[in-house]
Amino acid sequence: MTRVLERRRKLLTCFMPVFIAAIVLAVMVSIHRGSENANPPSTLNAHMTEDWTKHSADLSFLEEPVEPMNRIYHVVSLEIPLVFNIYGDHDPNGLMFALEENEASLEAYRDAFHPPPVPLPSDRAPLFELNPLVRPLVLRCNLHDVVTIVFTNKIRNRKVGMHVAMDGHSAAEDGSAVGRNPPSLAAFGETIEYHWKCGHEGVFHFADGGNLSGTERGTNSHGLFGALVVEPFGSRWTDPHTGKEIRDGITADIHPPKLRGFQHRKAPFFGFEPELAHPSASFREHVTIFHDEPEVKFARTTSPSVCGNEVTEANGAEVQAGMTTPNIDPALHVINYRSDPLRNRESDVQDRIRAGLLERPVFGEEQHHSSWMHGDPGLVFTNYAGDPVKFRVVHGGVKETHVFHWHVHQWYAVEGKTDSPIIDSFSLSPQWAVTFTALYGAGSRLKSIGDVIFHCHLYPHFNLGMWGIFRVFDKLQDGSMTYPDGTQIKPLIPLPDRERPPRPTEEHPGFPIFIAGTFRQKSPRVPWPVERLGPIPEGSDFREAKPLEAAAMNADPQPGNFFTLNPTPRAGTIDPETGMLISPVNHTILAVNRDIEFNQYGWHDPNGHMYQLEGEERGERHTPTAYEPIVLRANNAQVVTQKIFNKFDLFIPGTVFDPPFPDCPAHPTEGEVGIHVHLVKFDVLASDGASVGWNYISGARFGRYYLNLWWADREFGHVFFHDHLFPNFRQKHGLYGILPVEPFQAQYFDPFDLKKPILTGLQAVITAPAFNNTPVDLRGHPQVPIVPNTSTQDDPSTNSLTLFPGTFREWINFIGDQQPAFTRNGVPLFPPPFPGADNDNGIFVVNYRSEPLRERIKQFRFQHGTEVDPADLFSSNVFGDPSSTLYVGYPGDALRLRIAQGAHEESHSFSAYGLRWHDLWTDPKTNTVSQQILGISKAFTKIPEQDYGPGDHLIFHRAQDDTWLGCWAIARIFDKIQPNLPPLPNNPDPFKNLTQGPQPTPENTREYKVVAESRVIDYTEGFLGEKRLDPLGLIYRLTAYKEPGADTWVAVQDHRVNPKPLVIRALEGEFVKVHLTNNINPDLFAEPNRPEVPVDLRNFRRVSQRVSMHADIVRYDVRDSDGSNIGFNPDTTVPIGETRTYTWFADRFFGGPIMLMDHADVRNHRHHGLIGALLVEPRGFVPKEWHGEQTTLRRVWTFPSNIPSEVNFDSAGGMDAMFSEEDTMFLIDEHVIMMQDGLRLFNEGDLLQPVPDFRDADDQADGLVPGQGTSNPELNGVQIVANSGLAQNNVAPVLQNPQRRANVLKHDLSFHFPNITNPTLIKVCRFLEDAHLDVLAWEHDWDQACQNFDAFASGMDPEDQGQKGLNYRSAPTRAPVWLTPDDPPTPIWEAVQGRVQMFHVTAVNDKPRAISLQFSGHVFREFANAGSIATAVDNAINPGRTLTVFFKAKRLGDWAVRAGNLHNHVAEGMWSILRVSKPKDDDQFERLVIDEDAVTTL
């Protein structure tokens, strides 16, 4: 066998160059044809196109020969002040990497920088010039190049390394100090070399690996990071403004090698562009590096409000009228060392109002991004319309998960995969990096010219400066023109393979010169071409166009689109890409204020903002009423005209959440409202719903209306829309909506009356015909050329239900956070420290509804006089159905879930019990999942598989904060036909298949016996002197298992004093039965200092004595094996002393692990340890051990008879996209990572010594004193009782001693508040210091006024409270130790060199903050079998997320596997080591295929 394989390898090597060259030629031609004709995409895996240049024997189809290069960069690390904007906001202790050739200039700049010692008043403060060399270092190489870094550290008192999140280097050149590796750091003045092999195209984060603190005592937060961009093989890069070759820079023009004959091609400037440019085409490259938590010093003060100090009374709080930006924290969010926050620009407005210089009222936020008012921001990218564009987006920050959004433009969710969904926003966690290509180039399909904003969509971050402008020119810029403020428009060299844009003339000067605006005044309103369209419509907010504006309009100006180079196509024409007939649809929307009621308990927002459809408006302004967010619908290939009427109140009174709007007569506002929309095609100058750069302000003033025009040219799923003029104020109050883009010629019906057409609503039945009886793919592309069918009308109101194969139910789940809310008695719920503050505040709602667990607890107390069992909190048998949306359907119904987030800052985790879907809704080969992370503006369509059964399915947002606040609902799948719910016509008998399919038998069932019990868990095991234990720990302990067909049980002996989480395994195609016995301690109680949730109920201390085990993704009956007590389902939790059997069908390899966790007590059991994982092994692999967090899988060549033949590993995605045929026999090292947070651990297990929440691991004075407990002043005077943390039977001593338990409750710090001095807070606040053991009256909510005082006093939001860990272990660390210990308590992942590693990652954590996970020195595909680019960092992991990554352990040494969130996760112990060792000589089964040049010894 070995000789056969060797001959095969030699033959392959001989013919590989010719073979690969032919493939590349075919691929390039295929991509080119696909981009021009929009044919279905090639299924060729991305890795095949990635490696084509490894052999250069025959590349004659290229115009010029190319070879890999060794690129040498001399890099220095410097101490340089980072000036973020012209107002002088700066980091005086800034750090940066730079090329050595720029060192002298940067040092001269540093020496000349002299900010004022004290901030000056804004009207007297100077403006600062931004140095273009002060930028993050961006290095470039080509695919298959080698980069040599000669690095010199010039930062005093620091050891610094350049650690790149990529493979292709040895552990001795990792730029870090990990475990047993020799450190690869440079002390001050030292020089070290790194060698990086550029084996994967894309962008990769690098940063200092010598300091992993994310605080101001670290280096990363001060800017010591950069990016390595790996360009297409053989590329060269030039400066876009000079045309000269460059060494570094955040923008560049990239010129890939040209195919023969392409060298002289010139793409036309006018006309439609292909969706994706030819692979040989040059492109503009823009690198954006996000940066949060920097140190900030201000050079100026903000101007006092023109309103003075007027004070009003609101809901028990004194609200100062001028408090638009009071008590500003020194905080910024930054991109590329640039930030333009609202505070500076709003201060400018106040100065101009005071001086009487403004011609029109300006409030502030509506002009935040206006260059007319303020001049350009510090970050502007320039392009010509139609230019091919790639963005390289990197998170260089340390804490937040941002949401990147770019107006007007769209891209594929997975770069290079043209059957992935089209998106325009994504989550971005620390140290992750991504590349995407703008479809149709700059300006998108319509070639929209103007200023296009890109930004973090989290509004507090947006507010704090995290935005920039992408400028699209329509005329040639040669340096001779100036902007309206007199600054030069820099030359912009046209790309060499594109026609030059026309030169500007007096009649056609181009953008922005034709805009009729005045510098330092409010942005002009959108013009109306009277000569071409007639008089301005009465009541609209247009103005008459000036001659230059009229001359700049396109050939077919339409209301809502006047300026795109390609006009919006008219109804009745044919889309040339899809062949679909374009049809119109019109919506008239009212922007109104309503008092929105969120639940039956009276929570409401008296100043709600919402969109309503004209004709469906309802509700009295000041009567609390239940509403739904607006859901409009349109079809693929429709042009949507939106008329938006501004009917908002002229005055909104102030509350503890917001200042008055407007705040006084001296500071008036025109109150413009717009609709900014995502994904569809529109004119950024006329329909952006915003006021960006030198654009118009596109919105309606009070009492007027405005027109938008959108082209839905694809079936995107659904699009998000919202106001972009006052988003920080209005959007959290509910001003958002979605528009599902349904299939071509779809019709929409009331699910309760299939004869009733509808347009709006959270639930609908959609019937979608085949396009002229031709199947249409999910992106709206016909599978074969067709002639459009024009016989079907597009107005749903004139049609009755027709039987089409595409009929499905549509469910909307639309979450918003930071929603201001009050109880029915006027008590604010989780208010901010002052009105308008950016701190976390308010509540979370889904579809404007919530069912908070807090209120159910209070209701039960009132009705029964006792505490409810937490296991009953979701039971409709106990409480009735929740206030939230009740989704309905029948088994087997086709479903489409439309999931979106409308507001405002947090990440959320959508999950569903008993439902599952493919990760990418357009690709059924992607992993099977049941969870999706959300961030504001993100919108996902999910198509659940139709194998779900009857019962009440939990639909919820899994993070503990979300669930507690009521973000959960029930999907009721009926088991018999209901009189008010007609079945779908394509599923007339929903119950006929319920008993079909595989059934469990002894021969196909694997069984496990598990005991849930109380155990002390030692998380740190004395690491660095830390003795952090959970004395109230709970675990699943495996006692025995039984193989399929076996008669005897195999006992499992657990001799460990310190337990590990449960991990069990099965083969795909098997049934799994878990027999769970409840043996937990009956005297459990909630721990002192329990991590809080917003709107907590501090006096609820009951812990459920019941336990359960819920499994995601596998098939099961929710009425029998859900491990929960949901709705009207039977209770499937387990009482103490009893055993229950759960039965699950592992019908496939899911591409990820199955998370196991308790649902009997969501507030307690999970973070105390009732977590685990079920691993369903891929076809043909058998594990060495059937339980445990690490084992080895061995390939077998015969499959167990119980595995159905149609179940196969390749179809699930993963292995076939990663490895070649050579690897068809191998061993796999398998590892399971369980990510934990929200823990409350105790020093030495003593409940009187809680470990304080993270401050800064560098500074022991902040409370992290190794082995000495807490420095929390609240504990001063509390007697500390010695406690080893362990006792007989591993039960916490506190549970054995009733007196000690009472003593703990007496000193429970959860009920001690810090001293409050803010007068506003004192007036709002009511304390309950002495009442924490009493049952509160039903309506007594005064405790809510002080909910987040502890958080504000400590700087710790609820989402960050608690300790972090991996697999019941934590390795809290600090400088200078960091990751140097070679035996941390967290797992050592043992790997054999050359062997495939399979890491299963499960997010079993409580808290909503998303986490990234870096596998140092290795890369993987984020989407298995989806052609995604390589990365070393998995992005945006939050509760419920599961994933499996594969890679080969090619290089020896210790490699960090750690969180990318440096601010507290790494310092708090969320790191581990992958230890790659040589294979053992006596391994009989080992077969290695290792790249010889990649095998490196230390």
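In case you missed it, the structure is sitting above this.
Thresholds, definitions, all that
Residues numbered from 1 in each chain as written. Predicted model: local features only at pLDDT ≥ 70, side-chain atom pairs only at ≥ 80, totals over all residues. Heavy atoms only, no water. Helix = DSSP H or I, 4+ residues; strand = E, 2+ residues; numbered from the N terminus. Buried < 20%, exposed > 50% of the residue type's maximum accessible area, 1.4 Å probe, protein only. Contact = heavy atoms within 4.5 Å. Areas by Shrake-Rupley, 256 points an atom, 1.4 Å probe, with all protein chains shown as cover. Pairing = 2+ DSSP bridges. Axes fitted to C-alpha atoms, helices over the stretch in contact; angles between N-to-C directions. Arc of directions from axis to C-beta. Salt bridge = Lys/Arg side-chain N within 4 Å of Asp/Glu carboxyl O. Disulfide = S-S within 2.5 Å. Phe/Tyr/Trp six-rings, centres within 6.5 Å; stacked < 30°, edge-to-face > 60°. Lys NZ or Arg CZ within 6 Å of the ring centre and 35° of its normal. Expected span 1.5 Å × (residues − 1). Core = buried A, V, L, I, M, F, W, Y, C linked by side-chain atoms within 4.5 Å.

Caption draft 1: Geometry of the overall build of the chain. Helix and strand content of the chain: 17 helices and 76 strands. Per-residue burial for the chain yields a buried fraction of 68% across its 1498 residues. Sequence separation of 24 or more characterises 78% of the internal contacts of the chain that already satisfy a separation of 6 or more. Here the chain displays about 47,700 Å² of accessible surface, and carbon together with sulfur accounts for 51% of that area.

Caption draft 2: Structural detail: the sheet that holds strand S76 (residues 1471-1477). If you walk across this open sheet you meet the five strands as S68-S76-S75-S70-S73, and the pairing is mixed. At either margin of the open sheet sits one strand with a lone partner, and together these are strand S68 (1388-1392) and strand S73 (1433-1437). This sheet shows a mean twist of 20° between the axes of neighbouring strands, independent of strand direction. As paired elements, strand S75 (residues 1453-1459) and S76 share six bridges and run antiparallel to each other. Bridge pairing in S76 links Arg1458 to Trp1471.

Caption draft 3: Inspection of helix H3 (residues 103-112) at higher detail. Here H3 has its buried residues at Glu103, Leu106 and Tyr109. End-on, the buried residues of H3 take up no more than an arc of 125°, which puts them together on one face. Structural note: H3 exposes Ala104, Asp111 and Ala112 on the side pointing more than 90 degrees away from its buried face. On its buried side, H3 packs onto strand S1 (70-79), strand S2 (82-83) and strand S4 (95-99).

Caption draft 4: Structural context of the pattern of salt bridges. Counted according to the given criterion, the structure contains 91 salt bridges. Residue Asp713 is joined to Arg445 by a salt bridge in which the shortest nitrogen-to-oxygen separation is 3.0 Å. You can see Asp713 sitting in the loop between strand S35 (705-712) and strand S36 (717-722) and its partner Arg445 sitting in the loop between strand S23 (433-437) and strand S24 (450-456), a full 268 residues away along the chain. Under the relative-accessibility criterion, Asp713 is labelled buried at 1%. Arg1006 is paired through a salt bridge with Glu1070; the nearest N and O atoms lie 2.9 Å apart.

Caption draft 5: Structural context of the state of the cysteines. Applying the stated rule across the entire model yields two disulfides. Paired by a disulfide, Cys141 and Cys198 hold their sulfur atoms 2.4 Å apart. Disulfide Cys141-Cys198: torsion about the S-S bond near -115°, hence left-handed. Highlighted residues: Cys141 in strand S5 (residues 137-142) and Cys198 in the loop between strand S8 (191-197) and strand S9 (202-208), separated in sequence by 57 residues. Residue Cys141 is classed as buried on the basis of its relative accessible area, which comes to 0%. The side chain of Cys307 participates in a disulfide bridge whose partner is Cys664; the two sulfur atoms lie 1.9 Å from each other. Taking the torsion about the sulfur-sulfur bond, which here is approximately -85°, the covalent link between Cys307 and Cys664 counts as left-handed. Separated by 357 residues along the polypeptide, Cys307 in the loop between strand S13 (283-291) and strand S14 (311-314) and Cys664 in the loop between strand S33 (638-646) and strand S34 (676-677) bring together distant segments of the chain. Cys664 matches Cys307 in its accessibility class, with the two residues each being buried.

Caption draft 6: Spotlight on the packing of aromatic side chains. Here the structure, examined in full by the defined rule, presents 68 aromatic pairs. For the pair Trp372 and Trp694, a centre-to-centre distance of 5.0 Å together with 90° between the ring planes defines the contact as edge-to-face. Of this pair, Trp372 sits in helix H5 (residues 371-374) while Trp694 sits in the loop between S34 and S35, placing them 322 residues apart in sequence. Neither Trp372 nor Trp694 differs from the other in exposure class; each is buried. With a centroid separation of 6.0 Å and an interplanar angle of 80°, the aromatic rings of Phe426 and Trp432 are classed as edge-to-face. The pair formed by Phe426 and Trp432 is uniform in burial state, with each residue classed as buried. Chaining the aromatic ring pairs together yields one cluster made of Phe290, Phe381, Phe391, Phe404, Trp406, Trp411, Phe426, Trp432, Phe436, Phe454 and Phe470. Over the face of the ring belonging to Trp1049 we find Lys1009, whose NZ or CZ atom lies 4.5 Å from the ring centre.

Caption draft 7: Molecular detail of the sheet that holds strand S55 (residues 1034-1042). Strand order across the open sheet formed by five strands is S56-S55-S52-S58-S60, with mixed pairing between neighbours. In this open sheet, the two edge strands, each paired with only one partner strand, are strand S56 (1050-1051) and strand S60 (1139-1146). Pairing of strand S58 (residues 1070-1079) with S60, which is carried by eight bridges, proceeds in the antiparallel orientation. Among the inter-strand pairings, Val1072 is bridged to a residue of S60, identified as Trp1144.

Caption draft 8: Layout of the pairing of strand S29 (residues 604-613). Of all 10 residues making up S29, nine are buried, and the element is well covered by its neighbours. When strand S28 (residues 583-597) meets S29, the two strands line up antiparallel, connected through eight bridges. Bridging from a neighbouring strand, Val592 pairs with Met610 of S29. Counting the residues in the hairpin turn of S28 and S29 gives six residues, including Gly602, whose phi is positive at 95°.

Caption draft 9: Focus on helix H4 (residues 342-354). With 13 residues, H4 should cover 18 Å at 1.5 Å per step; its first-to-last C-alpha distance of 18 Å lies within 8% of that length. Among the residues of H4, those classed as buried are Leu342, Arg343, Asn344, Arg345, Glu346, Ser347, Asp348, Val349, Gln350, Asp351 and Arg352. Of the surrounding elements, those touching the buried residues of H4 are H5, helix H6 (459-463) and strand S25 (467-473). Positive phi appears at Gly356, one or two residues downstream of H4, with a value of about 70°.

Caption draft 10: The nonpolar core, seen in detail. Within the largest apolar cluster, 149 residues are counted, with the highest numbers of intra-cluster contacts made by Phe391, Phe404, Trp406, Phe426 and Phe470. In this view, Phe426 contacts Val393, His402, Val403, Phe404, Trp411, Trp432, Val434, Phe436 and Lys938; residues no more than four positions away in its chain are not counted.

Caption draft 11: Broad picture of the side chain of Ser1121. Residue position: Ser1121 is located in the loop between strand S59 (1110-1111) and S60. Residue Ser1121 is classed as buried on the basis of its relative accessible area, which comes to 1%.

Caption draft 12: Fine view of the side chain of Asp248. Checked against the element boundaries, Asp248 lands in the loop between strand S11 (236-238) and strand S12 (251-255). Overall, the relative accessible area of 10% leaves Asp248 in the buried class. In contact with Asp248, other than residues within four places in its own chain, are Leu99, Asn102, Arg135, Leu137, Val138 and Arg140.

Caption draft 13: View of unusual backbone geometry. Phe511 connects to Pro512 through a cis peptide bond whose omega is 0°. Its location among the elements puts Pro512 in the loop between S25 and strand S26 (527-528). Non-glycine residue Gln431 carries a positive phi angle of around 75°. The topology assignment puts Gln431 in the loop between strand S22 (425-428) and S23. Located in the positive-phi region is Tyr440, a residue other than glycine, with phi close to 70°. Assignment of secondary structure puts Tyr440 in the loop between S23 and S24. A relative accessible area of 2% means that Tyr440 is categorised as buried.

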